[in-house]
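Chain and residue survey
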Amino acid sequence: MKQHNYTATIEWTGNRGSGTDHYKNYERSHRIVIDGKADIEGSSDPAFLGDPIKHNPEDLLLSSLSSCHMLWYLHFCSVHKIIVEEYVDQATGIMVEEESGKGYFKEVTLNPAVCVKDSAMIALAIELHQKANEYCFIANSVNFPVLHRPKVTASTSQR
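Figured I'd write up the structure that's included with this text. Each residue is numbered by its place in its chain's sequence as written, counting from 1. Local features in a predicted model are, by the rule used here, given only for residues with pLDDT of at least 70; side-chain atom pairs are given and counted only at 80 or more, and totals for whole chains, interfaces and linings are based on all residues. Where side-chain values are given, they derive from all heavy atoms of the structure, hydrogens and water being excluded.

Observations concerning the pattern of salt bridges
Think of a salt bridge as a Lys or Arg side-chain nitrogen and an Asp or Glu carboxyl oxygen that are within 4 Å of each other. A full pass over the atoms with the stated rule returns 5 salt bridges. Linking Arg-31 and Glu-41 is a salt bridge whose minimum nitrogen-to-oxygen distance equals 3.1 Å. Of the two residues, Arg-31 is situated in strand β2 (residues 30-33) and Glu-41 in strand β3 (residues 40-42); the sequence distance between them amounts to 10 residues. Categorising residues by exposure relies on relative accessible area from a 1.4 Å probe, with only protein chains included: less than 20% of the type maximum marks a residue as buried, more than 50% marks it as exposed, and the intermediate range marks it as partly exposed. The class of Arg-31 is partly exposed, set by a relative accessible area of 23%. Under the relative-accessibility criterion, Glu-41 is labelled partly exposed at 32%. Secondary structure is summarised from DSSP: a helix means a run of H or I of at least four residues, a strand means a run of E of at least two, and numbering begins at the N terminus for each.

Considering the packing of aromatic side chains
Pairing of aromatic side chains here covers Phe, Tyr and the six-membered ring of Trp, requires ring centres within 6.5 Å, and sorts the geometry by plane angle: under 30 degrees stacked, over 60 edge-to-face, intermediate tilted. For the coordinates displayed, the defined rule picks out 8 aromatic pairs. Summarising the aromatic geometry, the rings of Trp-12 and Tyr-26 are spaced 6.2 Å apart at their centres and angled 80 degrees between planes, so their arrangement reads as edge-to-face. Residue Trp-12 is found in strand β1 (residues 9-12), and its partner Tyr-26 is found in the loop between β1 and β2; the two are separated by 14 residues along the sequence. Classification of Trp-12 by relative accessible area gives partly exposed; the value is 40%.

What about unusual backbone geometry?
A positive phi is found at Leu-49, a non-glycine position, where the angle reads about 70 degrees. Tracing the sequence through the fold places Leu-49 in the loop between β3 and α1 (57-79). Located in the positive-phi region is Lys-81, a residue other than glycine, with phi close to 60 degrees. As for its position among the elements, Lys-81 is in the loop between α1 and β4 (84-89). Since its relative accessible area comes to 67%, Lys-81 is described here as exposed.

Right under this line is the structure:
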C-alpha cells in the first residue's frame, strides 16, 4: 500500500483591524497556499458573509469531486482506446444547514457531457463513469452519495 502526503497552508487574510471582536467585523477571506502552485483566494459562501468573487470551501469540495472523477474517467477511456474529444461537467451539490448552524452535504450530482470520436464508443464510454466513481479518491472519502448523470455523444459515426 502506498501513502501519499499533501500539505497546504491556509492563511486568514480578513482581519480588518479588530480581529474577531464581532461576527460582522471581520472578513472570511483567506489564501490557500501550496508550494510551487498558484495561490487560491478563498472566503466563505456569501450566505455566511463571504466574498462572492472568491472560492469557498463548498465550491472547492464540489470541484474536487468533479475533477477527480474526470481525471479517472479520462484515464479509463485512454486505457480502453476511447477517444474523448470534449468533457464538461456541470456538477451540483446539495448542502443542508441545520437550525443550530451545523451543516453537511446531502449529495452531489455530476453531470458530465462527453463527446467521443466515434459512436461505437458510446456504450463503453457511459459504463466507464461507474468505474471512475469506484476509483475516485475524493468520492471514496466522503460520506454522502455522489451521483452521475452522464451524457455521451459522438462527433462522428463509425462507417
